[in-house]
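Working through the structure, step by step
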Amino acid sequence: MSTKEQKERIELLQGTLDLLILRTLLLGPTHGHAVAKAIEFNSDEVLQVEQGSLYPALHRLVKRRWISVEEGTSENNRRAKFYRLTAKGRRQLVVETSKWDKLAGAIARILRPAEQEGES
Amino acid sequence: MRRRKRMMEDLDEDIREHIAMEAQDNIERGMSPEEAHYAAVRKFGNVTRVKEEAREVWSVAWPEQLLQDIRFGSRTLRKSPGFTIVAILTLALGIGANTAIFSVVNAVLLRPLPYANPGQLALLPEASPKQGITDAGMSYPSLLELRDYSHVFSGIAGLASHSLTLTGRGEPSEARTIVVTQDFFSVFDTKTQLGRSLLPGDGEQGAAPVVVLSDGMWRSQFGADPKIIGSPITLDMRPYTVVGVMPAEFRTPFFDQADQLWIPLVQDPLFSGWMNHPPQTHWMAVFARLRPGVSFTKAKAEMDTLSARLAEEFPAEKGWQIQEVQPLQQAIVGDVKSPLLILSCAVGLVLLIACANIANLLLTRATSRSREIAVRIALGAPKRRITRQLLTESAILGIFGGVAGMFLAYLGVSALISLLPPGLPRIHAIRVDWSVLGFALVLSLAASFVFGLAPVLSAAKSDPQTNLREGARAGEATSSQRARSFLAAVEVALAMVLLVGAGLLLRSFARLTSVSPGFEPKGIVKAMVSLPQFQYSTQQQWTAFATELMTRLQTAPGMQDSACAAPLPIKDGQINLPFEIVGNPPLPAGAANTADYVTASPRYFSVMGIPLLRGRLFNASDSPSSPPVALISGALARRYFANQDPVGRHLVFGFFPPNGTASREIVGVVGDVHDVSLGKKPEPMMYVLFAQAPLYGCEVVVRSKLSASAVAAAIRTETHNIDKNLPVTDVATLPGALSASVAEPRFRTMILGLFSAIALALAAVGIFGVISYSVSRRTHEIGIRMALGAGRHDVVKLVVGECLRLTVIGVAVGILGALAFSRLLVSLLFDVEPTNPLTFVVASLLLTTVALVACYIPVRRAIRVDPVVALRYE
């Protein structure tokens, strides 16, 4: 059953990355590199994703029509794909965020007593 | 999928850009360019893996799963070959029959007519409601009037048809000649494959005679000679120059022969003389093409105005009007539409029964597979996935059954074409083409979905926990046994509908063929001899020819008696003429007495066995120079001379061009004859003496004990002894002609009979399956009953009772369905009520008997149950 566990872990990671991308695009359309930078910067460089894994995630979101893609020019005048949050993606972000909050809350409740025990 | 292409195409560039940007950032942070690049690449990660993952995002999971399902499905089907073969054959039968019938429906009803913009083409029949005449033709002056004063049509053309004698190329033969006004080809808007079609100039008086050939005529008579254009051919001993050859698919509406030719009206030996006939001669079929954007309703409104105007211009036309502007397709297929649709319904029912049968088989299998499915659900297979797997299995059955069905249809269609009544329009267009195969494929997939639902629904209802429990068989099957009984009852009901339909048609056909035609057909051979009119132009010549031929035939060895007449009975296209009774007050304008007109030689009545009721027959004292005489039929005497003696009275009538109207003395009354068809009541008829009203040719009837071919040969020999260029056509025995006249009802009856036989067999198989499964499931119960003292009799009652219950329910529902279905049949029934009780009773009994026979084997198995073995079993 180890494959199953592995799969779940990947799914969890994927879901998280998706959520971060959606959250980033909420501020406005931008290109892939800028998304990676924003995630790093906003999490005080705690979340060090391998930048490449961003791309399959972007593809997945495009496929689900949560984000759309358009041609644009980056700040240093290079041609680049710009990703934009769609209405559907916006709704999904709300759903995902509340899911995440619940999950985080649940995990926190499980972990807190242990911490208290450890402290005392 | 466009998004996928776009995203994947640019991915390489995107990655390069990304790394370049990152490197740029690194340089700004103070790294050397080389260092910056490597840092960026490191941070990006494995480029190949990223690309693969991105591709995976877009790759679709279902083809792979489908492949799995197909592989698994075919494996399970292979494992139970008996079931698979029965299911595929059943389906093949259903699909094959449906596809064959569809190929006919497609060719006759659905495929557009082979002319440009066929939706604009219309037929313009005339009618005189007061006289009760409909679907009549038009005169040439009326056609010209319409052409000159109507605005709704872009073209109007008229045509008439007969046979001309083609000589100079081997045996003289009859060529189906379509005599057309000059606009014919522009109305139908079809290009020739060779040369040109008719031009307006060809229709002028004094133009050189020209002819356009059909593709079939060009191939069969002229060996597809590419240099035919410009060469002369001989029709009725007169040369015509070939100017064009039409493409193969082009046929004149209503004339489906492959071999035909077209000549301008002015060049025809007969009809050119009719161009000046007054408007009350309704002899041309008139076709028109609507201008783009003009509706049929609008065209009809204009026709009403023009009809009023025609009536004013030609007072004799009072009461006549353009009956309707009839869409051509409707005019051509109108009569066969409802029989074909009924056949389609019937064959659809056969397919439904086949589906019910397969569903039943699948349900039985689903029960034995319920544990397998329960295991798979328990192991985590989502129900959706199981549903898909079950449907895929059905679809595999569907496709195999469909392909086998297409093969059956391919074989069946050629058999079907040979069975089809020759009068069916567009018969030549029937074939198994892509649209027919597409129909078969869609139908088989739809069918497989219908019967595939059964196991899916039963799987959805089943509870894996009960199914996994050991020995939990009895409880599980109750609902699915009920479903099986339901399906079997449905089969019985559908079979009942078809049986009643077939029974009604059979009774109707028996009634029709037992009608006495009014003459004695046995031992009579008929043939037609027509005289080319350029050679034989006078009435004297016509009479002389007929007399000579009769004399020769009377003395020929083996010929007992012979006569000639025109037209012979049992023929669509009788000559219906108005007549006046001398001494009766004149009829109001626009009203007319009419009767069917026949010109006959004196011996006609004795050859045909038509009895004389009063007075005398024609005899030797009647001649061209003696006072004109006539015989009337019993129907005419009853209708117009009720309580009077018609013999000695005079009628004024005559057939148009040759002999005009004359006052003729009624010398006798003869028996009624079904002159149009067996299914139509004998109409009033009047006979004139051939010598006093000859025609350019006649139909010969010869009574003889010799074989039909010997008689035909004698007729040919004697005709050619008079003139070797005369064609002898339409040779047939009268019984054969009579049988051919009911070809259409016979075809319907046969096909519906075949369908109901298939339905009966399938229903029997269905009942057999359900009852024998039920017996095997109840072995334990039967064992207990026997152990407790039940006798064989009780066991038989138990099983037969179950069988009868579902049969009776099926029959009862079927009777309701049959009442609805037989209402559709009304127009096809002759002398039989659609609710004919005897038919319903016989069908119910037949079905019940078959059901009882079908459960014979299960009953035997049930009474052989050994209680000891049955009880030990669990």
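No experiment lies behind these values; they were computed from the predicted model shown.

As for the packing of helix H6 (residues 81-110) of chain B against helix H11 (residues 328-368) of chain B
All names here are of chain B. It is at 9 Å that the axes of H6 and H11 come closest, and there the two elements cross at 170 degrees. Considered as vectors, H6 and H11 are oriented roughly antiparallel to each other. Residue composition of the contact of H6 with H11, by class: 22 nonpolar, seven polar and two charged.

Regarding the packing of helix H2 (residues 32-42) of chain A against helix H2 (residues 11-28) of chain B
Running from N to C, H2(A) and H2(B) point in directions that differ by 50 degrees, and their axes come no closer than 9 Å. In terms of their interaxial angle, H2(A) and H2(B) are classed as oblique. In contact with A:Gly32, A:His33, A:Ala36 and A:Lys37 of H2(A), H2(B) contributes B:His18, B:Met21, B:Glu22 and B:Asp25. Taken together, the residues of the contact of H2(A) with H2(B) sort by class into two nonpolar, three polar and three charged.

So, the side chain of B:Thr190
Residues and elements named next belong to chain B. Locating Thr190 in the fold gives a position in the loop between helix H8 (184-188) and strand S6 (194-195). Here Phe188 takes part through its backbone oxygen, which lies 3.1 Å from a polar atom of the side chain of Thr190. Among all residues touching Thr190, those that are not within four sequence positions of it are Pro114, Tyr115, Phe185, Met246, Pro247 and Phe250.

What about the sheet that holds strand S3 (residues 133-136) of chain B?
Residue and element names in this part refer to chain B. Reading across the sheet, the three strands line up as S3-S2-S12 and stay open at both edges, with antiparallel pairing between neighbours. The open sheet terminates on both sides in strands that have one partner only, identified here as S3 and strand S12 (321-322). Bridge count between strand S2 (residues 126-128) and S12: two bridges; the pairing is antiparallel. Bridge pairing in S12 links Glu126 to Ile322.

Observations concerning the sheet that holds strand S1 (residues 30-31) of chain A
Taking strand neighbours across the sheet as the criterion, the three strands line up as S1-S3-S2 (chain A) in an open arrangement whose pairing is antiparallel. Single-partner strands in this sheet number two, and they are S1 and strand S2 (67-73) of chain A.

Considering the interface of chain B and chain A
Contacts between the two partners involve 26 residues from chain B and, on the opposite side, 28 residues from chain A. Between chain B and chain A we count four salt bridges in total. Counting every contact that joins chain B to chain A gives nine residue pairs in polar contact (both at pLDDT 80 or more). Elements supplying a minimum of two residues to the side of chain B that touches chain A: helix H1 (2-9), H2, helix H3 (33-44) and helix H4 (47-58) of chain B. Top contributing element to the side of chain B that touches chain A by residue count: H2(B), with 10 residues. Partitioning the side of chain B that touches chain A into residue classes produces 10 nonpolar, four polar and 12 charged.

Quick word on the pattern of salt bridges
Residues and elements named next belong to chain B. For the structure shown, the criterion picks out 28 salt bridges over all chains. One salt bridge in this structure joins Arg603 and Asp561, with 2.8 Å as the shortest N-O distance. A residue pair is termed long-range when its members are at least 10 positions apart, and Arg603 in the loop between strand S17 (593-600) and helix H19 (604-608) and Asp561 in strand S15 (residues 559-566) qualify at 42 residues. Judged by its relative accessible area of 11%, Asp561 falls in the buried class. Note that Arg778 is salt-bridged to Glu802, the shortest N-O span being 3.0 Å. Separated by 24 residues along the polypeptide, Arg778 in the loop between helix H24 (743-777) and helix H25 (779-787) and Glu802 in helix H26 (residues 792-825) bring together distant segments of the chain. Looking at Arg778, the relative accessible area reads 19%, which means it is buried. Assessed through its relative accessible area of 10%, Glu802 is described here as buried.

Focus on the packing of aromatic side chains
Residues and elements named next belong to chain B. Within the structure shown, the criterion is met by 23 aromatic pairs over all chains. For the ring pair Phe250 and Trp262, a centre distance of 5.5 Å and an interplane angle of 55 degrees mean the geometry is tilted. Here the residue Phe250 occupies a position in the loop between strand S9 (238-245) and strand S10 (261-264), and Trp262 occupies one in strand S10, the gap between them amounting to 12 residues. Using a relative accessible area of 1% as the deciding quantity, one classes Phe250 as buried. What makes Trp262 buried here is its relative accessible area of 0%. Ring geometry for Trp274 and Trp283: centres 5.5 Å apart, planes at 80 degrees, overall edge-to-face. In this structure Trp274 comes out as buried when scored by relative accessible area, which is 15%.

Concerning unusual backbone geometry
All names here are of chain B. The omega torsion of the bond from Ala566 to Pro567 falls at -10 degrees, within 30 degrees of zero and hence cis. Tracing the backbone shows Pro567 in the loop between S15 and strand S16 (575-581). Positive phi outside glycine occurs at Asp236, with the angle close to 50 degrees. With respect to the helices, strands and loops of the structure, Asp236 is situated in the loop between strand S8 (232-235) and S9. Note on Asp236: relative accessible area 3%, which makes it buried. Although it is not a glycine, Met237 sits at a positive phi angle of roughly 60 degrees.

Concerning the environment of B:Cys855
All names here are of chain B. Mapped onto the elements of the fold, Cys855 is located in the loop between helix H27 (837-854) and helix H28 (856-863). The exposure class assigned to Cys855 is buried, which follows from its relative accessible area of 1%. Spatially, the C-alpha atom of Cys855 lies 6.4 Å from that of Ile771, the residues being 84 residues apart in sequence. In this view, Cys855 contacts Ile771 and Cys803; residues no more than four positions away in its chain are not counted.

Some details on the confidence of the model for chain A
Note that predicted coordinates carrying low pLDDT should not be read in detail. In this model, chain A carries a mean pLDDT of 76, and residues with pLDDT of at least 70 account for 76%. With pLDDT under 50 throughout, residues 1-12 of chain A is counted as low confidence; its partners more than four residues away or in other chains account for one contact.

Calculation criteria
Counting of residues starts from 1 at the beginning of each chain's written sequence and follows it residue by residue. Labels follow written order: the first chain is A, the first ligand is 1, and so on. In keeping with the model being predicted, local features are shown solely for residues with a pLDDT of at least 70 and side-chain atom pairs are shown and tallied solely at 80 or more, while totals for entire chains, interfaces and linings include all residues. Processing note: side-chain calculations cover all non-hydrogen atoms of the structure and skip hydrogens and water entirely. Here the axes come from fitting lines to C-alpha atoms, over the contacting stretch only for helices, and the angles between their N-to-C directions go from 0 to 180 degrees. The way it works is that DSSP assigns letters per residue, a run of H or I at least four long becomes a helix, a run of E at least two long becomes a strand, and they are numbered from the N terminus. Working definition: roughly parallel below 35 degrees, roughly antiparallel above 145 degrees, roughly perpendicular at 65 to 115 degrees, and oblique for all remaining angles. Throughout this entry, Asp, Glu, Lys and Arg are counted as charged residues, while Ala, Val, Leu, Ile, Met, Phe, Trp, Tyr, Cys and Pro are counted as nonpolar. The remaining residues, Gly among them, count as polar. Contacts between residues were defined by any pair of non-hydrogen atoms, one from each residue, lying within 4.5 Å. In protein, a polar contact means a hydrogen-donor-capable atom and an acceptor-capable atom, both N or O and within 3.5 Å, with residues adjacent in sequence counting only if both atoms are side-chain atoms; elsewhere, any N or O pair within 3.5 Å suffices. Whether two strands pair comes down to DSSP finding at least two bridges between them. When a carboxyl oxygen of Asp or Glu lies within 4 Å of a side-chain nitrogen of Lys or Arg, that pair is called a salt bridge. Each residue is assigned to one of three classes by its accessible area relative to the maximum for its type, calculated with a 1.4 Å probe on protein chains only: buried under 20%, partly exposed between the two thresholds, exposed over 50%. In this analysis, rings of Phe, Tyr and Trp, with Trp reduced to its six-membered ring, are considered paired at centre separations within 6.5 Å, and the interplanar angle assigns stacked below 30 degrees, edge-to-face beyond 60, and tilted for intermediate values. The predictor's confidence in any single residue is recorded as pLDDT, a number from 0 to 100.

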